[in-house]
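Geometric and topological summary
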Amino acid sequence: MTNFPYLLIGEIKRMQKYHIIGASILVALIWVAVLHFTGIENVDTIFPLLLFIDGTLMSMLMVGVTMFFEKGEGTLKTLLITPISKYEYILSKAFPTSYPTY
């Protein structure tokens, strides 16, 4: 996995370029507003469900949006000839979306 750090840095730069990081912060603020205005006194009862929903759906959405923008730029064609393994590519996509490196 010698190429993984380069792929990870490139993915984080791409997320900044497409304003995905700002969008995820906006979604977090929307979650806070929804929880505030629903009037639920004890959020502890639904908190595990919210973590699960937010963690899975936002990660899938971010990976999909990133791949959509990459398809528009034509970077997927160049990835076919780069000397990286499929595991390095998948990890470089999954790691920034699941771990807050920004």
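Throughout this document, residue positions are counted from 1 along each chain, in the order its sequence is written. Whole-chain, interface and lining totals are the exception, using all residues; otherwise, since this is a predicted model, local features are given only for residues with pLDDT of at least 70 and side-chain atom pairs are given and counted only at 80 or more. Hydrogens and waters are ignored; side-chain quantities use all the structure's heavy atoms.

Looking at an unreviewed UniProt entry, one finds the protein named ABC-2 family transporter protein, with Anaerobranca californiensis DSM 14826 as its source organism.

The next subject is the overall build of the protein. For the purposes of this entry, the term helix denotes a DSSP run of H or I that reaches at least four residues, the term strand denotes a run of E that reaches at least two, and both are numbered from the N terminus. Of the regular secondary structure elements, the protein holds 5 helices and 0 strands. Reading the secondary structure of the protein in the N-to-C direction produces α-α-α-α-α. For the protein, whose C-alpha radius of gyration is 16 Å, the value lies well above the compact-globule estimate of 13 Å for 102 residues. For the protein, the C-alpha atoms occupy an extent of roughly 55 × 25 × 20 Å along the three principal directions. Per-residue accessibility, obtained with a 1.4 Å probe over protein chains only, is compared with the maximum for each type, and a residue is labelled buried under 20%, exposed over 50%, and partly exposed between these values. In the protein, which comprises 102 residues, the proportion classed as buried is 23%. Values of the radius of gyration come from C-alpha atoms, whereas the globule rule sets the reference at 2.2 Å times the count of residues to the power 0.38.

Glancing now at the packing of helix α2 (residues 20–38) against helix α3 (residues 47–73). In helix packing, the relevant descriptors are the interaxial angle and the interaxial distance, both defined with respect to the helix axes. Note on definitions: angles span 0 to 180 degrees between N-to-C directions of axes, and those axes are lines fitted to C-alpha atoms, for helices only across the stretch in contact. Put simply, α2 and α3 touch, their axes get as near as 12 Å, and they point 155° apart. Considered as vectors, α2 and α3 are oriented roughly antiparallel to each other. Considering how the two elements wind past one another, α2 and α3 form a crossing that is right-handed. On α3, the residues that touch Ile20, Ser24, Val27, Trp31 and Leu35 of α2 are Leu50, Ile53, Asp54, Met58, Met62, Val65 and Thr66. Here the angle decides the label: under 35 degrees means roughly parallel, over 145 means roughly antiparallel, 65 to 115 means roughly perpendicular, and every other value means oblique. Less than a right angle of anticlockwise turn of the near helix away from the far helix marks a crossing as left-handed, whereas a clockwise turn marks it as right-handed. Pairs of residues are marked as contacts when any of their non-hydrogen atoms sit within 4.5 Å.

In contact at an axis separation of 11 Å, helix α1 (residues 4–17) and α3 are set at 90° when each is read in the N-to-C sense. Considering the angle they form, α1 stands roughly perpendicular to α3. Residue-level inspection shows Glu11, Arg14, Met15 and Lys17 of α1 in contact with α3, the latter providing Met62, Thr66, Glu70 and Glu73. All residues other than Ala, Val, Leu, Ile, Met, Phe, Trp, Tyr, Cys, Pro, Asp, Glu, Lys and Arg, Gly among them, are scored as polar; the first ten of these are nonpolar and the last four charged. A class-by-class count of the residues in the contact of α1 with α3 yields 2 nonpolar, 1 polar and 5 charged.

Our next topic: a nonpolar patch on the surface. On the surface, a nonpolar cluster with roughly 260 Å² of combined accessible area is contributed by Leu26, Ile30 and Val34. On the secondary structure map, isoleucine 30 appears in helix α2. Residues forming no salt bridge and having over 30% relative accessible area are the ones grouped into patches, like charges within 9 Å of each other and nonpolar side chains (Val, Leu, Ile, Met, Phe, Trp, Tyr) within 5 Å. For accessible areas, the Shrake-Rupley method is used with a probe of radius 1.4 Å. Any residue's cover is judged against the shown protein chains and nothing else. Any carboxyl oxygen of Asp or Glu that lies within 4 Å of a side-chain nitrogen of Lys or Arg is treated as forming a salt bridge with it.

UniProt positions are given in the numbering used here, feature names are shortened, and annotations may be inferred rather than shown by experiment. Residues annotated by UniProt as "transmembrane region" (unreviewed entry) correspond here to residues 20–40 and 46–69. As annotated, residues 20–40 has a helix share of 90% and a strand share of 0%, and its two end C-alpha atoms lie 29 Å apart. The annotated region residues 46–69 carries 96% helix and 0% strand content, and the separation between its end C-alpha atoms amounts to 34 Å.

So, on to the confidence of the model for the protein. pLDDT is defined as a per-residue confidence score from the predictor, taking values between 0 and 100. When the pLDDT values of the protein are averaged, the result is 77; 93% of them are 70 or greater. The lowest-confidence element of the protein is helix α4 (residues 75–79), averaging 73 in pLDDT; the highest-confidence one is α1, averaging 81.

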